[in-house]
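Structural characterization, general
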Amino acid sequence: GVRLVGSEMCIRDRGKIPDDIPEIKIQYPNNKVTVPQLLKHIQFVGSTSEAMRLIKGGGVKVDGEKIVDPHYLIENMTTFTIQVGKRKFANILFT
């Protein structure tokens, strides 16, 4: 097999994120929201329990980091990219 050098892997990984990600502006008190709440809010899932199932299955990433805790709280971030599965992406912007 081909061994990839670190920097090449970065480029390849970045290439997976599409250029035309929709930007979604959200408002939450203190800019805090749990991942399941957020996913339901932006309609990536139909329910928070569906979101929790996806998280447990390793299907949710925030800024490329896999979320493992279904109660993961997003805070102290003004903007980030959320990904569900292979095809759903959104750039989230706290306003």
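A brief structural summary. (Residues numbered from 1 in each chain as written. Predicted model: local features only at pLDDT ≥ 70, side-chain atom pairs only at ≥ 80, totals over all residues. Heavy atoms only, no water.)

This part takes up the nonpolar core. The tendency in soluble globular proteins is for nonpolar side chains to be buried side by side. Residues Val35, Leu38, Leu39, Ile42 and Ile82 are the most contacted members of the largest nonpolar core, which totals 21 residues. Residues within four places of Ile42 in sequence aside, it is in contact with Ile24, Ile26, Ile82, Ala90 and Ile92. (Core = buried A, V, L, I, M, F, W, Y, C linked by side-chain atoms within 4.5 Å. Buried < 20%, exposed > 50% of the residue type's maximum accessible area, 1.4 Å probe, protein only. Contact = heavy atoms within 4.5 Å.)

Before going further, it helps to spend a moment on unusual backbone geometry. Even without being a glycine, Asn31 presents a positive backbone phi close to 55 degrees. By the element assignment, Asn31 lies in the loop between strand 1 (23–26) and strand 2 (33–34). Its relative accessible area of 25% is what places Asn31 among the partly exposed residues. In the Ramachandran plot, Gln43 falls in the positive-phi region, its phi being about 65 degrees despite a non-glycine side chain. As for its placement among the helices and strands, Gln43 is situated in the loop between helix 2 (35–41) and helix 3 (48–56). (Helix = DSSP H or I, 4+ residues; strand = E, 2+ residues; numbered from the N terminus.)

Counted by the stated rule, this structure contains one aromatic pair. Ring plane angle 50 degrees and centroid distance 6.0 Å describe the contact between Phe80 and Phe94, whose orientation is recorded as tilted. Taken together, the residues Phe80 in strand 6 (residues 79–84) and Phe94 in strand 7 (residues 88–94) connect sequence positions 14 residues apart. Of the two residues, Phe80 and Phe94, neither departs from the other in class, the shared state being buried. (Phe/Tyr/Trp six-rings, centres within 6.5 Å; stacked < 30°, edge-to-face > 60°.)

Let us now look at the pattern of salt bridges. Evaluation of the coordinates by the stated rule reveals two salt bridges. A salt bridge links Lys25 to Glu23, with the nearest nitrogen and oxygen atoms 3.8 Å apart. Here Lys25 matches Glu23 in class, with each residue exposed. Taking the shortest distance from any N to any O, the salt bridge between Glu75 and Lys32 comes out at 3.3 Å. Here Glu75 is found in the loop between strand 5 (73–74) and strand 6, whereas its partner Lys32 is found in the loop between strand 1 and strand 2, with 43 residues between them in sequence. For Lys32, a relative accessible area of 39% corresponds to the partly exposed category. (Salt bridge = Lys/Arg side-chain N within 4 Å of Asp/Glu carboxyl O.)

All right, on to the side chain of Thr81 then. Relative to the assigned elements, Thr81 resides in strand 6. The exposure class assigned to Thr81 is buried, which follows from its relative accessible area of 17%. Separated by 2.7 Å, the side chains of Thr81 and Asn91 make a polar contact. In this structure, Thr81 is in contact with Ile21, Lys61, Val62, Asp63, Phe89, Ala90 and Asn91, ignoring residues within four places of it in sequence. (Polar contact = N/O pair within 3.5 Å; in protein donor to acceptor, adjacent residues only side chain to side chain.)

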